[in-house]
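# Close look at the chain arrangement
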Amino acid sequence: MADISLENLPLDIRDRLLTFLADFVCLRNAVLASKRLHEVYVLRKRSITRAVAQNTAGPALPFAVALVRTKSTIAEKRLDEILDGLDCPDAESAYWTIDVKPAEELALMRVSSVSFRLESHFCNLYKDRSAPTSVLTDVEAFKLDRSLYRIWTVSALGKAPGRLDNGNVSLGFLKNLSDEELAEMHEATSFLDNVYGTSDFSAGRYSRPLGIEPDSLLHLFDNQASAYPEQSMRHVNPQISMALTTLFNERNARRLLAKKFGGLAILQTRVEELQTCQNCAQQAQMLFGENNWHWLWAHLKLDVLLNLLPGYLSYNNDIRSEFIRMFKSNPSGAQIIGLMLSEMFDSQNDPASGWKRTDWLCLGCLQIFIRRHLFSYYVNQLVKGTSTNDSTCWSR
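Quick caveat, the model's predicted, so the values are computed rather than measured. (Residues numbered from 1 in each chain as written. Predicted model: local features only at pLDDT ≥ 70, side-chain atom pairs only at ≥ 80, totals over all residues. Heavy atoms only, no water.)

### Overview of the overall build of the chain
- Along the chain, the regular secondary structure elements total 17 helices and two strands.
- Taken over 396 residues, the chain has a buried fraction of 49%.
- Counting contacts in the chain only where the partners sit at least 6 residues apart, residues at least 24 apart contribute 74% of the total.
- Carbon and sulfur atoms provide 52% of the accessible area of the chain, an area that totals close to 19700 Å². (Helix = DSSP H or I, 4+ residues; strand = E, 2+ residues; numbered from the N terminus. Buried < 20%, exposed > 50% of the residue type's maximum accessible area, 1.4 Å probe, protein only. Contact = heavy atoms within 4.5 Å. Areas by Shrake-Rupley, 256 points an atom, 1.4 Å probe, with all protein chains shown as cover.)

And the structure:
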């Protein structure tokens, strides 16, 4: 039997192997490591590059590359020129062709990675709270990704320098959206608002997701904005934000999403059995478990959390300052909420108390649980030597 190795595989098989690679980093490593793979890459570069781009961004690839090219041309072209380019949706036009250039590869991987991670957050928030990663169907993932890329393209346009002299901006590439696509985009905008709401960054001029880059939005969520450079947060051109608002208002996107699609334009199915609190047996729109305790930070900011201390302990300045120190020492409020709940569940003295960390609980029941265990958690931190404030004494 002839020895079969990578070096003597037929050209078509080597070509097929390259088209299965997950991203451009894998492709680059493969063609640099093997002369035979490099040969087939040179011969069939366009088809291989397209296939890897498809693996990277999925079916929403044209919308991802349009975003990447919009961001890359902001400093080079006038706003009206970019809008004209986006208004031409032909598959071979400059902004929409899926022939990815080498200079665009890393940017495409970056926005695709952010979109993929946000799929898990979206699924966890709206579809299946028990799923640690995305269980969206291919169609649902495509709808979400397409909507995110469209929103971020508008966001990129909003960072373009200068204004149009006539005062009016037309987002032509969004004008012909179907009712379903418009409702999906509105739903995705609301989702980004929810993700943004879990960060500590103050509301006001940065309260809308249009003002935040895709990877910056996820950075805000992961790190609570504690280390994010404010100079990178830019105002959105009011002409652009007004154009998107006008589009939503003219077609009544909010009502369209609620009435025609029942509030779910992106999702095809939803796991309804997780809507019953396992402690009080009440129906609740939002339930919390180990997989999504990080979402609690949007509902249990530090002041709210301190008010759950028993009696008048929330007025004790030493205790308040110690909690403030603990939270400031951790870059992510969402992360510390999860760690706190995990320790509270593990340190219960009464095994028959009925509180299980595997249960899905409503916000009201979680607040009851935290109220019963928050002070004990605080004392445990002092006993462990977490405190650096020598004047703090829990026994006062």
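Okay, back to it.
### Some words on the nonpolar core
- By size, the foremost hydrophobic cluster in this structure holds 106 residues, and its most contacted members are Leu 108, Leu 171, Phe 323 and Leu 341.
- When sequence neighbours within four positions are dropped, the list of residues in contact with Leu 171 reads Leu 83, Asp 87, Val 154, Leu 157, Ile 240, Ala 243 and Leu 244. (Core = buried A, V, L, I, M, F, W, Y, C linked by side-chain atoms within 4.5 Å.)

### Here's the deal with the packing of aromatic side chains
- The tally for this structure, following the rule as stated, stands at eleven aromatic pairs.
- Considering the side-chain rings of Phe 323 and Tyr 378, the 5.5 Å spacing of their centres and the 20 degrees angle between planes classify their relative orientation as stacked. With Phe 323 in helix H15 (residues 317-328) and Tyr 378 in helix H17 (residues 363-383), this pair connects stretches of sequence that are 55 residues apart.
- Each ring, one from Trp 355 and one from Phe 369, has its centre 5.3 Å from the other, and the planes form 50 degrees; the classification is tilted. Here Trp 355, found in the loop between helix H16 (333-346) and strand S2 (361-362), pairs with Phe 369, found in helix H17; they are 14 residues apart in sequence, far enough to count as distant.
- Residue Trp 355 is classed as buried on the basis of its relative accessible area, which comes to 9%.
- On the basis of relative accessible area, Phe 369 is assigned to the buried category, the value being 0%. (Phe/Tyr/Trp six-rings, centres within 6.5 Å; stacked < 30°, edge-to-face > 60°.)

### Observations regarding helix H3 (residues 35-43)
- For H3, every residue scored as buried is listed here: Leu 37, Val 40 and Tyr 41. The buried residues of H3 occupy an angular sector of 105 degrees when the element is viewed end-on, so they sit on one face. Those residues of H3 that are exposed and aimed more than 90 degrees away from the buried face are Lys 35, Val 42 and Leu 43.
- Along its buried surface, H3 packs onto helix H1 (11-19), helix H2 (24-33) and helix H4 (45-57).
- By the N-cap criterion, in which a side-chain oxygen at the helix start approaches the backbone nitrogen of a residue two or three places on, H3 is capped by Ser 34, the distance to Arg 36 being 3.4 Å. (Arc of directions from axis to C-beta. Polar contact = N/O pair within 3.5 Å; in protein donor to acceptor, adjacent residues only side chain to side chain.)

### Thoughts on the confidence of the model for the chain
- Averaged over all residues, the pLDDT of the chain is 79; the fraction at 70 or higher stands at 78%.
- Across the chain, H4 holds the top mean pLDDT of 95, while helix H11 (residues 214-223) sits lowest at 59.
- Counting interchain partners and residues more than four positions distant, the pLDDT-below-50 stretch residues 224-233 has 23 contacts.
- Predicted confidence for residues 386-396 stays below pLDDT 50, and this span has 21 contacts to residues more than four positions away or in other chains. (pLDDT = per-residue confidence, 0-100.)

### Remarks on the pattern of salt bridges
- This model, assessed by the stated rule, comprises 21 salt bridges.
- Where Arg 46 meets Asp 99, a salt bridge forms, and the shortest distance between an N and an O atom there is 2.9 Å. Of the two residues, Arg 46 is situated in helix H4 and Asp 99 in the loop between helix H6 (79-86) and helix H7 (102-127); the sequence distance between them amounts to 53 residues.
- Exposure remark for Arg 46: the relative accessible area of 49% places this residue in the partly exposed category.
- Several salt bridges converge on common partners, so that one network encompasses Lys 143, Arg 146, Arg 150, Glu 180, Glu 181 and Glu 184. (Salt bridge = Lys/Arg side-chain N within 4 Å of Asp/Glu carboxyl O.)

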